[in-house]
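This is what each chain is made of:
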Amino acid sequence: YMALTQLAADAPAVREAEAWVRRHLGQPFSVAQLARAVAVSPRTLARRLEESLGLSPIAFVQRLRVETAARLLETTRLPFEQIAHRVGYAD
């Protein structure tokens, strides 16, 4: 297992997308919003993520959410429900 940050080191749009998603994990957002935030089209974002990580935009966001939730479970005493909310899961 390798952190997404390390895998995306050579792709500026992917690095920017990762940083933006991490800042907005607890908020609802669309792929179009994410693409606008990194100044590419949704299609270009999808291509960059596929080329760099082999992931779709949705899978990319889900992986960041799960990675963050796992880190919070391991390093904090927050209840599961609060962690889920922090990473953008309603239930």
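Look a little higher up for the structure.
Owing to the predicted nature of the structure, the values given are computational and were not obtained by experimental measurement. Chains are numbered independently. Their residues run from 1 in the order of the written sequence. In view of the model being predicted, local features appear only for residues whose pLDDT reaches at least 70, and side-chain atom pairs are presented and counted only at 80 or more, with totals across whole chains, interfaces and linings using the full set of residues. Side-chain numbers here rest on the full set of heavy atoms in the structure, without hydrogens or water.

Colleague: What am I meant to see in the overall build of the protein chain here?
Modeller: Note on conventions: DSSP H or I runs of at least 4 residues are helices, E runs of at least 2 residues are strands, and numbering of each starts at the N terminus. Of regular secondary structure, the protein chain possesses six helices and zero strands. N-terminal to C-terminal, the α/β element order of the protein chain is α-α-α-α-α-α. C-alpha extents for the protein chain along the principal axes are approximately 40 × 25 × 15 Å. For the protein chain, with 91 residues in total, the buried portion stands at 34%. In this description, contact between two residues means that some pair of their heavy atoms is separated by no more than 4.5 Å. Restricting the contact set of the protein chain to residue pairs at least 6 apart, pairs at least 24 apart contribute 54%. A total of about 5700 Å² of accessible surface is found on the protein chain, and carbon and sulfur atoms cover 55% of it. Residue exposure (1.4 Å probe, protein chains only): buried if accessible area is under 20% of the type maximum, exposed if over 50%, otherwise partly exposed. Surface exposure here means Shrake-Rupley accessible area, sampled with a 1.4 Å probe, where a residue is shielded only by the protein chains that are shown.

Colleague: Explain the environment of A70 to me, please; I cannot follow it from the model alone.
Modeller: Secondary-structure assignment places A70 in helix α5 (residues 57–75). For A70, a relative accessible area of 32% corresponds to the partly exposed category. Separated by 13 residues in sequence, A70 and I83 place their C-alpha atoms 9.0 Å apart.

Colleague: Explain the packing of aromatic side chains to me, please; I cannot follow it from the model alone.
Modeller: Any pair of aromatic rings gets described here by the distance separating the centres and the angle formed by the planes. Whether two aromatic rings pair depends on their centres lying within 6.5 Å, for rings of Phe, Tyr and Trp, where Trp uses its six-membered ring; planes under 30 degrees apart make the pair stacked, over 60 edge-to-face, and the rest tilted. For the structure on display, the rule yields one aromatic pair. Each ring, one from W20 and one from F29, has its centre 5.0 Å from the other, and the planes form 85°; the classification is edge-to-face. With relative accessibility at 13%, the residue W20 sits in the buried group.

Colleague: In this structure, what is going on with the nonpolar core? I would like to understand it.
Modeller: Where a protein is soluble and globular, its nonpolar side chains tend to be buried together. To define a nonpolar core, start from buried Ala, Val, Leu, Ile, Met, Phe, Trp, Tyr and Cys residues and group those joined through side-chain atoms within 4.5 Å. Residues V21, L34, L45 and F60 are the most contacted members of the largest nonpolar core, which totals 20 residues. Here this core gets five residues from one element, more than from any other, and that element is α5. Ignoring anything within four residues of it in the chain, the contact list for L34 reads A17, W20, V21, L45 and V61.

Colleague: Help me understand the environment of A17 in this model?
Modeller: When you line up the elements, A17 lands in helix α2 (residues 12–23). On a C-alpha basis, the gap between A17 and V61 in space is 9.3 Å, while along the polypeptide they are 44 residues apart. Excluding residues that lie within four positions of it along the chain, A17 makes contacts with L34, V38, L45 and F60.

Colleague: Teacher, can you tell me more about the packing of α2 against α5 here?
Modeller: For any two helices packed against each other, the geometry is given by the interaxial angle and the distance between the axes. Orientation is described by axes fitted as lines to C-alpha atoms, over the contacting stretch for helices, and by angles from 0 to 180 degrees between their N-to-C directions. One way to put it is that α2 packs onto α5 with a least axis distance of 10 Å and a crossing angle of 55°. Relative to α5, the element α2 lies oblique. The hand of the α2/α5 crossing is right-handed. From α2, V14, A17, E18, V21 and R22 reach across to α5, where they touch F60, V61, L64, E67 and T68. Put simply, angles under 35 degrees are roughly parallel, angles over 145 are roughly antiparallel, angles from 65 to 115 are roughly perpendicular, and the rest are oblique. The sense of a crossing depends on the near helix, which, turned anticlockwise from the far helix by less than a right angle, makes the crossing left-handed and, turned clockwise, makes it right-handed.

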